Amino acid sequence: MSTLEQNLGKAEQYLARFRELGVLNQIAGEAVPALDGATFESISPVDLKPLAKVAHGKAGDIDRAAQAAKSTFPAWAALPGEKRKALLHAIADAIEARAEEIAFVECMDTGQSLRFMAKAALRGAENFRFFADRAPQARDGLALRTEGQVNLTTRVPIGPVGIITPWNTPFMLSTWKIAPALAAGCTIVHKPAELSPLSARLLVEIAEEAGLPKGVWNLVNGFGEDAGKALTEHPAIKAIGFVGESRTGSLIMKQGAETLKRVHFELGGKNPVIVFADADLERAADAAVFMIYSLNGERCTSSSRLLVEESVHDRFTALVAEKAKRIRVGHPLDPETVIGPLIHPVHEEKVLEYIAIGRSEGASVVAGGGKVTGPGGGCYVAPTLFTGAANSMRIAQEEIFGPVLTAIPFKDETEALTLANDVQYGLAGYLWTADVTRAFRFSDRLEAGMIWVNSENVRHLPTPFGGVKSSGIGRDGGDWSFDFYMETKNVAFATAAHAIPKLGG
Ligand code: NAD
């Protein structure tokens, strides 16, 4: 039996419960269907066949979940940090213990390859451990002295929060948002993406089995326009941590205005990788290929624009094209697969449409350029490279969110910077040069929240994560996460009997 066949057998075992019981909501510690009994179907991008019937939550379900989060908030917020730390580590242990199940379910639900998803659970567990260790200090503040007064600042959890996540790498992203919220002392209503809801169900179960009190973490499935909207409008929900498209971010801001929601947005990107002639071209090519074709290109920090200095442009793009052509597209559970099927036929159509747009705009396809017939007949698209593109083209300006790279030559540093900044987005940037002074100068002016110099995206959890321009508002990571999930409070103590102004005698 091949490894793929063995993996398919295991995946079926892990999926059986979803096929049988569907994906229920989790409210106040109970697995429940939607109030009106409605469901929607989740399909696998591998073969477009149904995986599970998912509870279709709406405003009433969100209200129940928000009330549960509100009633559990005082006790959870009051739990000593050391106890929250221990609980979050227990959740991390439980995630690690079910790593294979999480990986296989994620592969079949999202189309992401096992090569990358095998580590999804470990990354998720790492997120919990990182914030667990910081929970005991989350409330610490400063002592600010002036004559006759000492000010003590402290942080307190903001209250119940809503977490809204997208369909790409849903397990890892959910842990990235939920772990700091719990560590800060917030309770949660999570609304995962309708296209990949399975691993969010596993995650909340794991957390409760590991000892998280019922109702601290609630899960409501549904669509953006009903469940998502209701969550952003609910008066008991004090903040929304959102990861998704830029235009959804705008909608959430409007929806949350009435109840003055605090928002944190991690949105889209059109991230440049800028390659100067003095760079180590072989390493730069490996990194560029990794950043656009890993995770099916369905990655907010993907390097979707390749800006290359003219003198090495042809050599460099040939190198990238060669590597792209060798990338294996296939079944997500095949250990050899790099690129699996895209999330959904509608998304596949969007990506293929962009490839057609690129051609009609006059760019040349030098690798890939269309659909691939893959196992199961799902949404497979070849890793694609466009050359001869201009920055004004739609394939250079708009987020495609698939394995499509657009290469553009530049003359000099000034032009490289102009091209790099000439987009509405500003999430990440990747700079390749051997000149350290230029690296400082360029990264200083590059409009992006995160820049890697001579590297692909390697996350260090204490560093800030987030974007500028249309790519987001706010930062995650390290203490930045606590700033979002907590309120800072100042208490001023008089240290002497100072003269108080006497009004009225
Ligand atoms: P999306 O915006 O369509 O959906 C994201 C989530 O928002 C889903 O759960 C959806 O149901 C919900 N939603 C939709 N409309 C809503 C509304 N009106 N009110 C409340 N919730 C609503 O995004 P997607 O297509 O699922 O994900 C892909 C996008 O996510 C890409 O743009 C990608 O760049 C972005 N992303 C950003 C980051 C980052 O860190 N910056 C990370 C991953 C993904």
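Residues numbered from 1 in each chain as written. Predicted model: local features only at pLDDT ≥ 70, side-chain atom pairs only at ≥ 80, totals over all residues. Heavy atoms only, no water.

**Q** Please explain the site of the ligand as it appears in this structure.
**A** Contacts to the ligand come from 29 residues, most closely from Lys191, Glu194, Thr248, Leu267 and Glu399. One nitrogen or oxygen atom from the main chain of Thr165 is found 2.8 Å from an oxygen atom belonging to the ligand. Contact distances for the ligand include 2.6 Å between an oxygen atom and a side-chain N or O atom of Thr248. If the ligand stood free it would expose 850 Å²; the protein chains cover 92% of that surface. The cavity where the ligand resides is the largest pocket. (Near = heavy atom within 4 Å. Polar contact = N/O pair within 3.5 Å; in protein donor to acceptor, adjacent residues only side chain to side chain. Areas by Shrake-Rupley, 256 points an atom, 1.4 Å probe, with all protein chains shown as cover. 1 Å grid on protein atoms, 1.4 Å probe; cavity = no way out; pocket = protein on both sides within 12 Å on 5 of 7 lines; lining within 4 Å. Sits in = over half its atoms within 2 Å of the grid points.)

**Q** Whenever I open this one, the sheet that holds strand 5 (residues 143-146) confuses me. Can you help?
**A** Hydrogen bonds between backbone atoms are what pair the strands of a sheet, whose relative direction is either parallel or antiparallel. Reading across the sheet, the three strands line up as 5-6-22 and stay open at both edges, with antiparallel pairing between neighbours. A strand with exactly one partner marks an edge of an open sheet, and here the two such strands are strand 5 and strand 22 (486-494). Pairs of neighbouring strands in the sheet enclose a mean axial angle of 25°, with direction left out of account. (Pairing = 2+ DSSP bridges. Helix = DSSP H or I, 4+ residues; strand = E, 2+ residues; numbered from the N terminus. Axes fitted to C-alpha atoms, helices over the stretch in contact; angles between N-to-C directions.)

**Q** Can you walk me through the pattern of salt bridges in this structure?
**A** Opposite charge on two side chains permits pairing when their charged atoms draw close. Per the counting criterion, the structure on display carries 30 salt bridges. In this structure, the salt-bridge partner of Arg129 is Asp93, at a minimum N-O distance of 2.6 Å. Taken together, the residues span a long stretch of sequence, with Arg129 in helix 6 (residues 120-134) and Asp93 in helix 3 (residues 81-97) at a distance of 36 residues. Given the relative accessible area of 22%, Arg129 is considered partly exposed. Look at Asp93 and you get partly exposed, because its relative accessible area is 43%. Close ionic contact of Lys229 with Glu233 constitutes a salt bridge, the shortest N to O distance being 3.0 Å. Here Glu233 and Lys229 lie together in helix 9 (residues 224-233), a separation of four residues that amounts to about one turn. Owing to a relative accessible area of 33%, Glu233 belongs among the partly exposed residues under this scheme. The structure contains a network of salt bridges with shared partners spanning Arg17, Arg98, Glu101, Arg201, Glu205 and Glu209. (Salt bridge = Lys/Arg side-chain N within 4 Å of Asp/Glu carboxyl O. Buried < 20%, exposed > 50% of the residue type's maximum accessible area, 1.4 Å probe, protein only.)

**Q** Would you take a moment to explain the packing of aromatic side chains for this structure?
**A** Each aromatic ring pair is characterised by the separation of its centres together with the angle its planes make. Taken as a whole and judged by the stated rule, the model has 14 aromatic pairs. A ring pair is formed by Phe131 and Trp176, whose centres lie 6.0 Å apart and whose planes are at 55°; its orientation type is tilted. With Phe131 in helix 6 and Trp176 in helix 7 (residues 170-184), this residue pair connects regions lying 45 residues apart in the sequence. For Phe131, a relative accessible area of 0% corresponds to the buried category. A ring pair is formed by Phe131 and Phe482, whose centres lie 6.1 Å apart and whose planes are at 70°; its orientation type is edge-to-face. In this pair, Phe131 sits in helix 6 while Phe482 sits in helix 17 (residues 478-485), placing the two residues 351 residues apart along the sequence. The two residues Phe131 and Phe482 agree in class, both being buried. Ring pairing ties together the aromatic residues Phe130, Phe131, Trp176, Phe465 and Phe482, which thus form one cluster. Sitting over the face of the ring of Phe18, Arg17 holds its NZ or CZ atom 4.5 Å from the ring centroid. Seen from the ring of Trp76, Arg84 lies directly overhead, with NZ or CZ sitting 6.0 Å from the centre. (Phe/Tyr/Trp six-rings, centres within 6.5 Å; stacked < 30°, edge-to-face > 60°. Lys NZ or Arg CZ within 6 Å of the ring centre and 35° of its normal.)

**Q** Is there a simple way to think about the nonpolar core in this case?
**A** Considering soluble globular proteins, one finds that nonpolar side chains tend to be buried as a cluster. Counting residues in each nonpolar core, the largest one holds 101 residues, and the members touching the most others are Ile95, Phe128, Leu182, Trp217, Val275 and Leu306. The biggest single contributor to this core is helix 11 (residues 281-293), with nine residues. Of the domains in this structure, domain 1 (3-267 + 471-489) and domain 2 (272-453) are the two that each give at least three residues to this core. When near neighbours in sequence (up to four residues on either side) are disregarded, Ile95 contacts Ile102, Ala121, Gly124, Ala125, Phe128, Phe171, Leu203 and Ile206. Membership of the second largest hydrophobic core comes to 29 residues, among which are Ala363, Met393, Ile400 and Val404. (Core = buried A, V, L, I, M, F, W, Y, C linked by side-chain atoms within 4.5 Å. Domains from an automatic or database assignment. Contact = heavy atoms within 4.5 Å.)

**Q** Whenever I open this one, the environment of Leu431 confuses me. Can you help?
**A** Assignment of secondary structure puts Leu431 in strand 18 (residues 428-432). Separated by 155 residues in sequence, Leu431 and Phe276 place their C-alpha atoms 8.2 Å apart. With residues up to four places along the chain from it excluded, the contact list for Leu431 reads Ile274, Phe276, Ala439, Phe442, Ser443, Trp452, Val453 and Asn454.

**Q** Please clarify how the sheet that holds strand 14 (residues 364-367) should be interpreted in this entry.
**A** The seven strands are arranged 14-15-16-13-12-18-19 in an open sheet whose pairing can be described as mixed. Only two strands of the sheet have a single neighbouring strand rather than two, namely strand 14 and strand 19 (450-453). Taken pair by pair, the neighbouring strands of this sheet meet at an average axis angle of 25°, ignoring direction. Where strand 12 (residues 272-275) meets strand 13 (residues 305-309), four bridges bridge the pair, whose relative direction is parallel. Within the sheet, the bridge partner assigned to Pro272 lies in strand 13 and is Arg305. Where helix 12 (residues 310-326) meets the sheet, its contacts fall on strand 12, strand 13, strand 14, strand 15 (384-387) and strand 16 (404-410), and the angle it forms with strand 13 comes to roughly 140°.

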